[in-house]
Amino acid sequence: MAELPLEYTAADRPVPAWRTSLRRRYREFKLIGQDPILSMGLFLVGIFVFLFVFFPLLRVIWQGFFDPTTGAFSLKYFAQYVDPYYQAYHFQVLRDTITMGVMTAAGGTILGFIFAYTMVRCAVPYPRLLHYLTLLPTISPPFAIAIASILLFGRSGLITKDLLGIRFSPGVNDIYGLDGLVFVQIITYFSVAYLIIRGMLERLDPAMEEAALSLGASKFHIFHTVTLPLLIPGLAGAFLLLFVEALADLGNPLLISGNTSVLSAEIYLAINGQYDQQKGAALSLVLLIPTLTVFLLQRYWVSRRSYVSVTGKPTGGQLTVKEPYIRWSFITFTTLTLILILSLYTSILLGSFTRLWGIDYTPDLSHYGKALGRGLNAVLSTTFLSVIATPIAGLIGMVIAFLVVRKAFSGKEALDFTSNLGGAVPGTILGIGYIIAFIKAPTFVVGLLYALLAGYLVSRTVSNNRRRILIVATGTLIGYGLSRLPGVIFIDSFWRYLLALGTLVLAGAMFPFVPPARRRGAILALVIMAGGLIVYNLSPLLTEPLATWGRAMSNRTLSRLTIKTASAIRVFTQPTMTILGYTYLVAALFVVTRARERARAWIVTALLALCAALVFQGKPLALVGTPYIVIAAYAVRSTSATVRAGIAALQQIDPAIEEASTSLGADTQQTFRNITLPLILPAFIAGLIFAFARHMTSLSAIIFLTTAEWPILTVWILSEVEQGGMSTAAAYSMILIFIVLAAIGLMYAFVGQAFGAREGIDLTLGGG
């Protein structure tokens, strides 16, 4: 081996690529950390996505391979796919699931294309009205069409029995089964394909079609050689999205699949019927493979849309179909389909006013009496939790969209992918993941999140690494010791009073160490933190008498309203200690950064002790059975839509506007609040509308998380149908639709006031 030249030193040796990459990532995140608003936003959304999307999915994967009772590794339910005794049934379920998904996706995409082409190219009369009617399935419960199909075409259906006189005997095909399920799924989800394809048709530059027309090509030749190839990414994206939606749906298969079984229903029965978590998790993995594969393909197609001639707005007007036989064929088919859809929804409305559908059609309001009586708690709970989750989903979605579009950092693609994953995976999988992950305290995750937040807090306030480690260790140990005191020395309420007193003492001790210009905000924040603990203790003095008073009322409606009001107050005033501790950790950054540097070490140590005491008290993050797990599930399921809305809006804003603000001295927070937010506010409101509608109509992710105190309306509708109460289920469905329509109307009214009467809301985000 040749000797190295004397001048060769260790510094001249090539640096490994991985080390260079790590250094570059470190410098990158250090640069991001110089902007506290940007770094905090990235940090918080990262924690949210990890805690409520990534971690539950990991727990489902883990549970599928390990027995929950013994903890032993087990391939029991995967082995059934090769076991001759079970193989035939399992493969039949898998085959029916894939068949249903492919047929729904194909039929829904074709129907969506016909509707989109009619609306954009055929100069249809009353286009606005027809557009809104097409969107009806997006604001109704996921199984509303199934209920309507049973009312019209079931064995006691108005059309099949009363008009056509069909008597179903054994062996005669009826609405129940795979064909009926596919029909219901197509009507339920085709509007998503319509929104995607219509958006692409409206944005196609007509120059290529006009050029072909001027060269003498026929309209049909132009369609299949120019227009259709340009629409292939949209058609493929719509097909793949509908495939995922169909496989993820739970309500329709439970109601109308008959003897046909699909994976989503099998998962539900494994958890709620057989109480077998491992079987549910194993089947979830089987369902996750095709849905995740198709989701990745759909994202790939969307990323290829850049080769389509899309310029924002077309340079010329849209080419319209003027041949009467083509134009009116499309209009006639679209109109007849809308008449069918209206008939289905009309049957729900009429069914809600009918004494006993199929036997006695006498008008009767008693079903609404039942729905607003015994079901009032479900109506109020669903609406309240949906309202709470909506701004959370909207804010998280807009922050993620801003980071993805406007900032460059490692992991941006992973953040975008994972935030969309929450809405892409079947809700049954997410619901099972929440049960497995949060039915007991996930100690490791609680500690990890605390360490990340505490480390970030200390890194922003103390410069020396050894001092940082010492401060985190000292504050955490003191706080952990304090968290063990309730039930040993003090009762919970007295313990919280002590923590509140300590926080007020800290506020007084900080007073001389905070510059006068920053003193008010810092002291006020500590007072509010102490006040939160005091309110936590005192709120039962209001909520318990209020609930007792409600239970004593003779008027049952007022009684339920009063009891639910008490429960709603507790959601705000008595969150779990862990949630309160994490919130105080975020607020601590605001407090500490306002103090002088020489005092920051002991201030942050004291605040870490307070926050650790709250975070580790009791059973941290054991959220199953609380309303917070439902709020989290709602927010996760709709965040992907608000992210897409925000990305679409931000891509239409010239970055030069924000750059000008930055060059004039504004930081990220000021630029976002004063420049970016007003420009994307219409898209933000559109995201809120879609999020609220999705929360109100959600079923698959919520069905495992509902409780007696916090019942969910869609679960009650499903229960009524299973018990034969079709008319009561129809009444519930109409109430839900009215609530969603009222919310959309209020949002439109707000937009009209804020942005002018002609400003609309783009609801195409629902299909993206």
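Keep in mind that what you see is a predicted model, and the values were worked out from it rather than measured. (Residues numbered from 1 in each chain as written. Predicted model: local features only at pLDDT ≥ 70, side-chain atom pairs only at ≥ 80, totals over all residues. Heavy atoms only, no water.)

> I keep staring at the packing of helix α19 (residues 443-459) against helix α20 (residues 465-483) and nothing clicks. Help me out?
When two helices pack together, their arrangement is given by the angle between the helix axes and by the axis-to-axis distance. Where α19 meets α20, the axes come as close as 10 Å, and the angle between the chain directions of the two elements is 130°. By the criterion of interaxial angle, the relationship of α19 to α20 is oblique. Crossing of α19 against α20: the hand is right-handed. Mapping the contact onto sequence places Tyr450, Ala454, Val458 and Ser459 in α19 and Arg468, Ile471, Val472 and Thr476 in α20. Residue composition of the contact of α19 with α20, by class: five nonpolar, two polar and one charged. (Axes fitted to C-alpha atoms, helices over the stretch in contact; angles between N-to-C directions. Helix = DSSP H or I, 4+ residues; strand = E, 2+ residues; numbered from the N terminus. Parallel < 35°, antiparallel > 145°, perpendicular 65-115°, else oblique. Left-handed = near helix turned anticlockwise from the far one by under 90°. Contact = heavy atoms within 4.5 Å. Nonpolar A, V, L, I, M, F, W, Y, C, P; charged D, E, K, R; others polar.)

> Help me out: how do you make sense of the environment of Arg596 in this one?
Take Arg596: it is sitting in the loop between α25 (577-592) and α26 (600-615). The exposure class assigned to Arg596 is partly exposed, which follows from its relative accessible area of 30%. Expressed as a C-alpha distance, the spacing of Arg596 and Thr461, which sit 135 residues apart in the sequence, is 9.9 Å. Excluding its chain neighbours within four sequence positions, the residues that come into contact with Arg596 are Pro512, Phe513, Val514, Pro515 and Pro516. (Buried < 20%, exposed > 50% of the residue type's maximum accessible area, 1.4 Å probe, protein only.)

> Where do I start with the packing of aromatic side chains in this structure?
The geometry of two aromatic rings is summed up by the distance between their centres and the angle between their planes. Applying the stated criterion across every chain, the model contains 27 aromatic pairs. Measuring from ring centre to ring centre gives 5.6 Å for Phe513 and Trp602, while their planes differ by 80°; the resulting arrangement is edge-to-face. A residue pair is termed long-range when its members are at least 10 positions apart, and Phe513 in the loop between α21 (492-510) and α22 (516-538) and Trp602 in helix α26 qualify at 89 residues. Looking at Phe513, the relative accessible area reads 25%, which means it is partly exposed. (Phe/Tyr/Trp six-rings, centres within 6.5 Å; stacked < 30°, edge-to-face > 60°.)

> What exactly am I supposed to notice about the pairing of strand β2 (residues 360-363) here?
Direction of pairing for strand β1 (residues 354-356) relative to β2: antiparallel, over a ladder of two bridges. Counterpart to Thr354 in the pairing with β2 is Pro363. Turn length for the β1-β2 hairpin, with the two strands adjacent in sequence and antiparallel, is three residues, and the turn residue Gly358 shows positive phi of about 90°. (Pairing = 2+ DSSP bridges.)

> Looking at this structure, I do not really get the side chain of Thr160. What am I missing?
Along the chain, Thr160 falls in helix α7 (residues 158-163). On the accessibility criterion, Thr160 (7% relative accessible area) is buried. Polar side-chain contacts of Thr160 include one of 2.5 Å to the backbone oxygen of Gly154. The contacts of Thr160, once residues within four sequence positions are left out, are Leu152, Phe153, Gly154, Gly165, Ile166 and Phe168. (Polar contact = N/O pair within 3.5 Å; in protein donor to acceptor, adjacent residues only side chain to side chain.)

> Could you clarify how one ought to interpret unusual backbone geometry in this entry?
If a residue is not glycine, its phi is most likely negative; likewise, a peptide bond is most likely trans. Phi is positive for Tyr126, close to 50°, though the residue is something other than glycine. Locating Tyr126 in the fold gives a position in the loop between α4 (84-121) and α5 (127-134). Judged by its relative accessible area of 66%, Tyr126 falls in the exposed class. Positive phi values are uncommon outside glycine, yet Tyr275 reaches one of about 55°. Mapping Tyr275 onto the fold places it in the loop between α12 (263-272) and α13 (277-303).

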